[in-house]
Amino acid sequence: MLGIGKKTAVKAAIATAASVVASVGIVLLLVPMLGGQPDGPGFWMSVLCPLVIAGPASLYQFHQVDVIARQRDAIARMHVRLEDAHAELERLHADLGERARTDALTGGLNRGAFFAALEQAAADGKGPMALVVADADHFKKINDGFGHLVGDEALCRIGAAMEGAIGGIGIWGRIGGEEFAALLVDTGRSAAIAAAERLRLAVAETTLVADGQPVALSVSIGIACASAPCAAIELFRRADAELYRAKSGGRNRIVIDGREVTAIAA
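Below is a short write-up of the structure. (Residues numbered from 1 in each chain as written. Predicted model: local features only at pLDDT ≥ 70, side-chain atom pairs only at ≥ 80, totals over all residues. Heavy atoms only, no water.)

### So, the packing of aromatic side chains
No. 1: Enumeration over the complete set of coordinates arrives at three aromatic pairs.
No. 2: Note on Phe 114 and Phe 115: the rings are 5.9 Å apart at their centroids and 85° apart in plane angle, and the pair reads as edge-to-face.
No. 3: Phe 114 sits in the buried class, given a relative accessible area of 0%.
No. 4: Given a relative accessible area of 19%, Phe 115 falls into the buried group.
No. 5: Counting every residue linked through ring pairs, the aromatic cluster contains Phe 114, Phe 115 and Phe 236. (Phe/Tyr/Trp six-rings, centres within 6.5 Å; stacked < 30°, edge-to-face > 60°. Buried < 20%, exposed > 50% of the residue type's maximum accessible area, 1.4 Å probe, protein only.)

Have a look at this one:
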């Protein structure tokens with residue numbers, strides 16, 4: 001009734017009973033002290049008044065306290081839910097931000113995110129840095145001979161090789177259809193060559209089979225080194241030119257400063 005709970009009614013009944021006892025006690029003790037005699041009407045008035053006044057007042061007061069407590073609990077629960085929702089929104093926002101930066105196929109940075117990182121490192125960095133650009137060899141033959149799904153799997157395998165060779169020492173991404181790049185900061189010429197060779201070997205040793213036939217994978221790699229701060233576009237132009245030399249020189253090899261580091265027939 002009116003949303004009054006059992007506990008509230010019990011509390012109000014106890015308070016009312018206490019008021020009746022107090023009222024009757026006053027009548028029975030105080031009236032004789034004043035020289036009077038508590039007669040029937042007086043006695044029953046001492047019982048009736050608390051019932052009529054204290055009863056409803058106590059019920060209302062305890063009901064209001066109970067309502068306030070329930071509303072406070074509801075607000076607390078709502079606050080917890082809002083905090084959970086806020087945390088989930090932050091997680092989704094971070095996830096969307098990460099997806100906006102990530103190449104969906106290989107898991108590396110996408111072109112925009114990679115070049116943004118390159119621009120920042122070239123402008124704000126201090127010390128040696130190297131840019132490694134790699135391109136899958138004969139990729140069109142893989143797509144034409146085995147289909148685009150196998151081509152996609154080949155790119156995923158190259159991405160895994162990039163992560164294994166570069167992930168712990170730099171950042172990498174897919175910057176074109178079958179073209180990848182890695183940025184190594186605080187890295188000199190010899191360390192960049194070593195990382196590129198790990199990548200080349202990892203790709204060449206990858207086992208990929210389609211329709212019962214092995215699919216040969218290899219990459220050609222160009223490296224450009226500089227000392228930051230430097231011009232990012234110039235660093236990429238140099239690395240891309242070295243990659244072209246590696247492709248022209250027979251593929252599955254590394255070129256830096258116009259010279260071939262590793263020469264293996266494709």
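### Observations concerning the environment of Gly 147
No. 1: Of note, Gly 147 is situated in the loop between helix H4 (139–146) and helix H5 (148–166).
No. 2: Take Gly 147: its relative accessible area is 23%, and that puts it in the partly exposed class.
No. 3: For the pair Gly 147 and Ala 210, spaced 63 residues apart in sequence, the C-alpha to C-alpha distance is 9.4 Å. (Helix = DSSP H or I, 4+ residues; strand = E, 2+ residues; numbered from the N terminus.)

### With respect to the pattern of salt bridges
No. 1: All told, the structure shown has ten salt bridges when counted by the stated rule.
No. 2: The partner of Glu 153 in a salt bridge is Arg 157, and the shortest N-O contact between them spans 2.7 Å. With Glu 153 and Arg 157 both in helix H5 and four residues apart, this pair spans about one turn of that helix.
No. 3: We classify Arg 157 as partly exposed; its relative accessible area is 27%.
No. 4: Between Arg 189 and Asp 257 there is a salt bridge whose closest N-O contact spans 3.0 Å. In this pair, Arg 189 sits in helix H6 (residues 189–204) while Asp 257 sits in the loop between strand E7 (254–256) and strand E8 (259–262), placing the two residues 68 residues apart along the sequence.
No. 5: You can call Arg 189 partly exposed: its relative accessible area is 40%.
No. 6: Several salt bridges share partner residues, and in doing so they unite Asp 135, Asp 137 and Lys 247 into one network. (Salt bridge = Lys/Arg side-chain N within 4 Å of Asp/Glu carboxyl O.)

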